[in-house]
Amino acid sequence: MKQDNKKPGKRPMYFYYLIAIVAIFLINFLLLPAISRRSIEETDYTTFLQNVEAGNVEAAQVGDEYIYYTMTEDGQTSYYETLTMDDPDLVSRLYAAGVKMEGVETESTSLLWTLFAGYVIPILIFVLLGRWLSNRMMSSMGGNGGAMSFGKSNAKVYVKSSTGIKFSDVAGEDEAKELLTEIIDYLHDPQKYTEIGASMPKGALLVGPPGTGKTLLAKAVAGEAEVPFFSISGSEFVEMFVGMGAAKVRDLFKQANEKAPCIVFIDEIDTIGKKRDSAGFTGGNDEREQTLNQLLTEMDGFDGSKGVVILAATNRPDSLDPALLRPGRFDRRIPVDLPDLQGREEILKVHAKKIRVADNVRFGEIARAAVGASGADLANVVNEAALRAVREGRKFATQEDFQESIEVVIAGYQKKNRVLSSKEKLIVAYHEVGHALVAAKQTNSAPVTKITIIPRTSGALGYTMQVDDEEHFLMSKEELENKIASLTGGRAAEELIFHTVTTGASNDIEQATKIARAMISRYGMSDEFDMVAMENVTNQYLGGDSSLTCSFETQTLLDRKVVELVRTQHEKARKILEDNVGKLHEIAKYLYDHETISGEEFMDILCKTPELTVSET
Ligand code: ADP
Ligand code: MG
Ligand code: ZN
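Residues numbered from 1 in each chain as written. Chains lettered and ligands numbered in written order. Predicted model: local features only at pLDDT ≥ 70, side-chain atom pairs only at ≥ 80, totals over all residues. Heavy atoms only, no water.

## Notes on the pattern of salt bridges
Point 1. In total, this model carries 19 salt bridges according to the counting rule given.
Point 2. A salt bridge links Glu365 to Arg362; its shortest N-O distance comes to 3.0 Å.
Point 3. Judged by relative accessible area, which is 38%, Glu365 ranks as partly exposed.
Point 4. Between Lys589 and Asp593 there is a salt bridge, with the nearest N and O atoms lying 3.1 Å from each other. (Salt bridge = Lys/Arg side-chain N within 4 Å of Asp/Glu carboxyl O. Buried < 20%, exposed > 50% of the residue type's maximum accessible area, 1.4 Å probe, protein only.)

Here it is, written out as structure tokens:
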């Protein structure tokens, strides 16, 4: 499998020529004879002469071996042949009968011609076609940068300012920026560092969830740095042919060494840097493994003091091969986290500069509503707001556009054409008010800002939005319990009013279970297990795969505790709704009529005639 490593890409060309030649032979042997075999009837010489005498023969070709002649009967021309005889009078006979005469080329010239037409021309055509195709392939694979691109590795080289992206375009992420600035500074003036005896790490790894601006940061580094910047994505190393990825790595580092000091950026490094499994020699991941090995070799090989710094980005650091992370390779980690409230506001403002915005837009408020959104989500929010403004025929985006677009990004498009039956709509209204009421009647839970029963494409039939007054980093046990109670409030309202349950609570159930489980297995919030972790969470950025670390008996107990916890909160929610059933009816009716109500409207109705309320116990 691997002998061809040295000449990547040659094999398909040979293969191609082989197919072409076989095709030519097939054409010649099967098709050409079929064409010339157009029904020629054999006759004897006597018949031929009789026909000439009778004046039937129209034209004749006299060759050394055969005479071909044609006769026309009823407007139809038929072809005949006969063996040539030693007949000196033939020409004068034919002439007397008025037959058109033609000579026939000798065998040798006709053979030459057949060879030329049948083999040489097609081969020429195939070769030229092949050349053209392979040229096209090469250029589409390699060189979209003309002089800037090089050799086999299609890393793009950015020199200063060629990306046009600066650190000022990246909002928030101050810690990451600071660490990167240090690296850039080192490359500008290595002496300052070497005088003290400090040496820069060879590699730094940008780590964070998707959409937090890792690629953007790297591009900003390219914009800020006054040294060459090589950028390549991990997926570009993964090639069709074994060995090509490794060749690319070799090539990339050769270039980098020549251009030092410089920065090499490998985006999405997890595509090649995944843990190597010990599955053995048969795996289809040969190529990836070889590429990774080559990368490791190159990183060890080059001289750190020369000034080549390798940056890489990934959103799954724990799936990386440990060899990549050991000292001397990517030993510095630069965390790029989801933005906090202030960061979100800054990101919104950075992107809002690109569109026209009304003066009175309150970005702080929008940032607050976009809890958990990444930089990419926020960029999307701004764009959606601009699109909505255009749709509504406005010249600039307003606060309302932003608010709507947050819901679009977070909960999917409003789907106006999906109609619920009135009974369904009523159930959804009670369900959502159930959530909102339970939330509102507990202290320590985020205020309700909006309730809607307009279906979204995301599949949610309704949706209650709760927004915290301020950012929370710590949640108390009580807050988590209240959250579970609010989540069960929807189902509780259905039970209370309609004495039945629907499928509409599946998402609530999922979330409530998740919280309850985490409380017990990870946050140590139960009496039984004290501060013992029963779950390990790996891959925290991509949803979090968790693995249980406890015995089977403990798992059973854990499951039972989770059920108990949710049931208690569910009962609490039902109790709250029973005590406030008048308000439940009132607000649900209002919501049913209006489809969407704001937090203020909700609070107005709730506080109109104060009822006796129950606080949590
Ligand atoms: P990642 O590589 O971390 O998955 P990207 O760098 O590709 O994320 O970010 C996607 C887009 O999100 C960027 O092009 C930018 O528009 C926006 N974005 C993300 N983070 C920020 C930020 N901190 N400041 C400004 N824009 C950001
Ligand atoms: Mg990226
Ligand atoms: Zn619900």
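## Some words on the site of ligand 1
Point 1. Around ligand 1, a shell composed of 15 residues is seen, among which Ala171, Gly211, Lys214, Thr215 and His351 lie nearest.
Point 2. In the model, an oxygen atom of ligand 1 is placed 3.1 Å from a nitrogen or oxygen of the Gly213 main chain.
Point 3. Residue Ala376 places a main-chain N or O atom 3.3 Å away from an oxygen atom belonging to ligand 1.
Point 4. Computed on the free molecule, ligand 1 has an accessible area of 560 Å², of which 81% lies beneath the protein chains in the complex.
Point 5. Of all elements in the fold, only helix H7 (214–224), helix H13 (341–352) and helix H15 (375–391) reach the threshold of two or more residues within the shell around ligand 1.
Point 6. For the shell around ligand 1, a count of residues per class yields seven nonpolar, six polar and two charged. (Near = heavy atom within 4 Å. Polar contact = N/O pair within 3.5 Å; in protein donor to acceptor, adjacent residues only side chain to side chain. Areas by Shrake-Rupley, 256 points an atom, 1.4 Å probe, with all protein chains shown as cover. Helix = DSSP H or I, 4+ residues; strand = E, 2+ residues; numbered from the N terminus. Nonpolar A, V, L, I, M, F, W, Y, C, P; charged D, E, K, R; others polar.)

## Focus: unusual backbone geometry
Note: most peptide bonds trans; most residues except glycine with negative phi.
Point 1. Here the phi dihedral of Glu173 falls at roughly 50°; this positive angle occurs in a residue that is not glycine.
Point 2. Structurally, the position occupied by Glu173 is in the loop between strand S6 (156–158) and helix H5 (174–188).
Point 3. Its identity is not glycine, yet Asp530 carries a phi of approximately 50°, on the positive side.
Point 4. Mapped onto the elements of the fold, Asp530 is located in the loop between helix H19 (506–521) and strand S14 (535–538).
Point 5. In this structure Asp530 comes out as exposed when scored by relative accessible area, which is 54%.

## Considering helix H22 (residues 599–607)
Point 1. Considered for burial, the residues of H22 that qualify are Gly599, Phe602, Ile605 and Leu606. Summarising the axial view, the buried residues of H22 lie within an arc of 135°, below the 170-degree limit, and thus occupy one face. Along H22, the residues that are exposed and aim more than 90 degrees away from the buried face are Glu600 and Asp604.
Point 2. The inward-facing, buried residues of H22 abut helix H17 (422–440), strand S12 (448–452), helix H21 (581–594) and strand S16 (596–598). (Arc of directions from axis to C-beta. Contact = heavy atoms within 4.5 Å.)

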